[in-house]
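Descriptive analysis of the structure
Spelled out from the first residue to the last, the chains are:
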Amino acid sequence: MIFFRLAVILITALFAATACSPSPATSNKLVIGIGSTLNLGNNNPVFIQRNANVWETLTELDDTLTPRPGLAQSWEVSSDGRQWTFHLKRGVTFHNGDRLNSRLVTANLLRMKNHPELDYYSTFSSLVSAVPKDEWTIHLEFSSPVVDLPNRLGHYFAGVFSPRAFGPDGKLDRPIGSGPYIYSQSRIGQYDRVTAFAQYHGVKPHFGEIEFKIIGDPAVRIMSLLRGDIDMIAHHGGVPPSYLDMLKDRRDIVVAAQDVAITHYLLFNCARHPFSDPASRDAFSRALDRHELARLILHGSGIAARDFLVETAVRWNRNRFSLLPETDEPVKRQLAALGKGNALTLLLSQGDASSWSYRHTADYLSDYFAKLGVSIRIEMLESGAWQKATQAGDFDLTLYPLSLPTGIPDLLVRRLAYSKGMQVRSIGNTTHYASAPLDALFEKALNAPNVSAHDQAYHSLLDLLAEEKPFVPLYHERYYYAYRQGLTGIHIDPFLKMDLGAIRFAGERE
Amino acid sequence: MPRIACIGGTIVILFLLLGLTGEAFAPYPPALSDYGNILAPPSPGHWMGTDHLGRDLFSRLMAGTRTTLGLALLVAAIDTFLALVIGALCGYLGGWLDRAMMRLIDALLALPGFLLAICLLGIFGGGALQLVLFLALTGWAQLSRIVRNEISAVKHLDFITVNTAFGYSVARNLFMHALPAVIPSLLVLMLNTIVGNVFAIVSLSFLGLGVSPQTPEWGMVLFDARSFFLNSPWLFVFPCALIAAFTLGLHLLADGIREFLDRKRFLFPIEEVRMLASTASSCGSDT
């Protein structure tokens, strides 16, 4: 056993030694090991991910996914939910010297309005006018109520940029934001770099440069941290739970966990037998043992889901699902009927399977349901082929991750239940579920004149989904990250963003 | 027979026996899970430990031997059959058929076969049938070219010329006389093809593109072990050892056979054959 471990650690160490060029961090430079690049390219509305701290949003979502002030320090809404007034923060400078004011924000909002392909959540499709009232006040008028506007303005594709950063096509040439770091450069497959912005309006960044070093393999990331090539492992992937043991006895490394706003769902194909029958979906869902799945398979990387949305989103949680199986007589009868048919196809996306424990989750589900007499065949497809197959309805079951970028379940409903699917990217809902009452409730929520009616409509909608079960939650994601002892000010939000400006060394080092 | 061939042959035969009968001797059914024994290290109850669902690794590897070797042999058989038919016809008949097929083979050889298989399996999905089809599709070209070259050299030898003079048909000349002359060298190539196929099958499964994820197969066992290899190294070490042992056995056998045939001069070194052929034709012109 010891020999095995030693051999494997030696091999990994050798691999890490050859894979990583030594670039030891200095007191002025922080090196963060990440699994994949932060650079999204200029077809994306924000060019570089929020985690790079290059740009900011008008509002931000806190740990309970509730909006709090960002570049907008306060706001008011009219009683009909159509008129919004935002008061902007003063003294905010952009990386090119532009100052934050109402004209600059107006230009950003019109960028979204005029280029709906960049407005991922169709927030500004009903924007009638955006009028600067004074230097730091802006008035927005919508044709229909948008009571959740502060939530939508805080999501991770709603950055505010200098108008000189984007051209007539709305695309960013360069992400000129107001964050504590300035985007410097990216090298494909190697790194993304940002440099400190001295005129930042908040706490001045401590590190002159931050390099996001791209190390795809988690074992190599960990060995790089142990070897001192990087100071931290963060961003997507982080430290997979099965690798935590490697770090547990290291006094020079701190390992921390954060519950993030990602839930993993089991999706039924509602357009095909047997799951076109709600009774089959109900029986299958009630037979699930979420508690066992989390305990045996996820090894700490997931929390068994009691409801559709992460537990921190307390606004939406009503414990609609049981953690333990409910295998009463009707469920057994329904499962027996399922078992008489052909093997069910559980389709996996290869991309998702490599990012999350889907392969093992699918294995567990197949094994668990085999014991209940239901045969499941696992099939894995390349991500594009998976998308095509699910759109064509060529599956019975699939696993799917979804985050909660606005703190409200709009993306969840559009992506998995609303019959019109995603408006912007013309993607239908993956479950092929179609329900007039659900559509009506969703439209009611979207057009609700006040927060109370909005929340009431969403709760009714979630209740309906829990009854109809076109998809069911399996677990919420728990994310692990690690950093060198001595670094302070580290806090990761539910969307994996750190306030990089707040990070510093407790003591200087060579 | 050289000693290395005997050692290699013994290893290969052992693996083949394991593939045929191993599952019967496995202590547990390969799919039997035991949630109380997840990721258990090697012990008297589980000689090679257990995986993430508490399944016995030894039993899964026994079952996996049949899958991996079965698929590798099937792909090699298809490749060899195609190579024999296409290569022999092109080499013997020559002309437009030869030219057209050789350009097709050039095109196929210009594409990296493994990458092509990855693309096709990624698009059309994995599975045993797809795996065999796509590997066979990309694997026959190299063998076919070698067969074609050997046949085109053999067809100029005296015994074929004499047969033709006696009025033997093309089919009889080709299948009864020319082909048997290239079989020994083809045997060595085929063994190397099997090694290549085992690696391809294991690699594709390891990438998640091979057989169905539930099928016990060497590459799939490794794929499953990927996230645990640091803490449960037995999941990684035993399948790797099996793959290494089998490929070593095949290489030893192939080298041994080559050595044996060289010694017995069963192989047809192309240059030598061409020299003989040109000598024969120049002798003919003198008379």
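This text follows the structure it describes.
So, about the interface of chain A and chain B. Taken together, the contact pairs 31 residues of chain A with 35 residues of chain B. Between chain A and chain B, the buried area comes to about 2,800 Å², and carbon and sulfur atoms account for 61% of it. Note that Asp-224 of chain B and Arg-359 of chain A form a salt bridge whose closest N and O atoms lie 2.9 Å from each other. Between chain A and chain B we count 12 residue pairs in polar contact (both at pLDDT 80 or more) in total. Listing elements by their share of the side of chain A that touches chain B, those giving two or more residues are α1 (2–19), α6 (290–297), α8 (350–355), α9 (358–371) and β15 (376–381) of chain A. A total of eight residues in the side of chain A that touches chain B trace back to one element, the largest contributor, which is α9 of chain A. Across the side of chain A that touches chain B, the residue classes tally to 15 nonpolar, seven polar and nine charged.

For soluble globular proteins, the rule of thumb is that nonpolar side chains tend to be buried together. If you look at the biggest cluster of nonpolar residues, it comprises 175 residues, and the most contacted ones within it are Ile-32, Leu-266, Phe-284, Phe-308 and Phe-369 of chain A together with Trp-218 of chain B. Setting aside its immediate chain neighbours within four residues, Ile-32 of chain A contacts Ile-210, Glu-211, Phe-212, Lys-213, Met-232, Ala-234, Met-498 and Leu-500 of chain A. Among the nonpolar cores identified, the runner-up in size contains 24 residues, and Leu-100, Leu-104, Val-105 and Leu-109 of chain A belong to it.

All names here are of chain A. Pairing in this open sheet of four strands is antiparallel, and the strands run β4-β5-β7-β6 from one edge to the other. Every interior strand has two partners, whereas the edge strands, β4 (72–77) and β6 (127–134), have only one. For this sheet, the mean inter-axis angle between neighbouring strands, taken without regard to orientation, is 20°. Of the pairings in the sheet, the one linking strand β5 (residues 83–88) to strand β7 (residues 137–142) comprises five bridges and is antiparallel in character. Residue pairing across strands places Thr-85 opposite His-139, the latter belonging to β7. This element, helix α2 (residues 102–114), spans β5, β6 and β7 of the sheet and lies at about 170° to β6.

All names here are of chain A. Assignment of secondary structure puts Arg-250 in the loop between β11 (232–233) and β12 (253–268). According to the relative accessible area criterion, Arg-250 is partly exposed, its value standing at 32%. Counting along the chain gives 235 residues from Arg-250 to Gln-485, while the straight-line C-alpha distance between them is 9.6 Å. Within polar-contact distance, the side chain of Arg-250 engages the side chain of Asp-252 at 3.0 Å.

Moving on, we get to helix α5 (residues 278–287) of chain A. Looking at α5 of chain A, one finds that the buried residues are Ser-280, Arg-281, Ala-283, Phe-284, Ser-285 and Ala-287 of chain A. The opening residue of α5 of chain A is Asp-277 of chain A, an N-cap whose side-chain oxygen sits 3.0 Å from the backbone nitrogen of Ala-279 of chain A.

Right, let's get into unusual backbone geometry. All names here are of chain A. With an omega dihedral of 10°, the bond running from His-273 to Pro-274 counts as a cis peptide bond. In this fold, Pro-274 is placed in the loop between β12 and α5. One non-glycine residue with positive phi stands out, namely Phe-47, at about 70°. The backbone phi angle of His-299 is positive, close to 50°, even though this residue is not glycine.

On to the pairing of strand β8 (residues 181–187) of chain A. The two faces of the sheet receive side chains in turn, since in a regular strand these alternate between them. Residues and elements named next belong to chain A. With six bridges connecting them, β8 and strand β9 (residues 191–196) associate as antiparallel partners. Residue Ser-186 lies in a different strand from β9, and its bridge partner there is Asp-192. The turn joining β8 and β9, which pair antiparallel and follow one another in sequence, is formed by three residues; a positive phi near 75° is taken by Gly-189.

The rules behind each value
- Residues numbered from 1 in each chain as written.
- Chains lettered and ligands numbered in written order.
- Predicted model: local features only at pLDDT ≥ 70, side-chain atom pairs only at ≥ 80, totals over all residues.
- Heavy atoms only, no water.
- Contact = heavy atoms within 4.5 Å.
- Buried area = accessible area lost by both parts, 1.4 Å probe.
- Salt bridge = Lys/Arg side-chain N within 4 Å of Asp/Glu carboxyl O.
- Polar contact = N/O pair within 3.5 Å; in protein donor to acceptor, adjacent residues only side chain to side chain.
- Helix = DSSP H or I, 4+ residues; strand = E, 2+ residues; numbered from the N terminus.
- Nonpolar A, V, L, I, M, F, W, Y, C, P; charged D, E, K, R; others polar.
- Core = buried A, V, L, I, M, F, W, Y, C linked by side-chain atoms within 4.5 Å.
- Buried < 20%, exposed > 50% of the residue type's maximum accessible area, 1.4 Å probe, protein only.
- Pairing = 2+ DSSP bridges.
- Axes fitted to C-alpha atoms, helices over the stretch in contact; angles between N-to-C directions.

On their own, these measurements won't tell you what the molecule is for.
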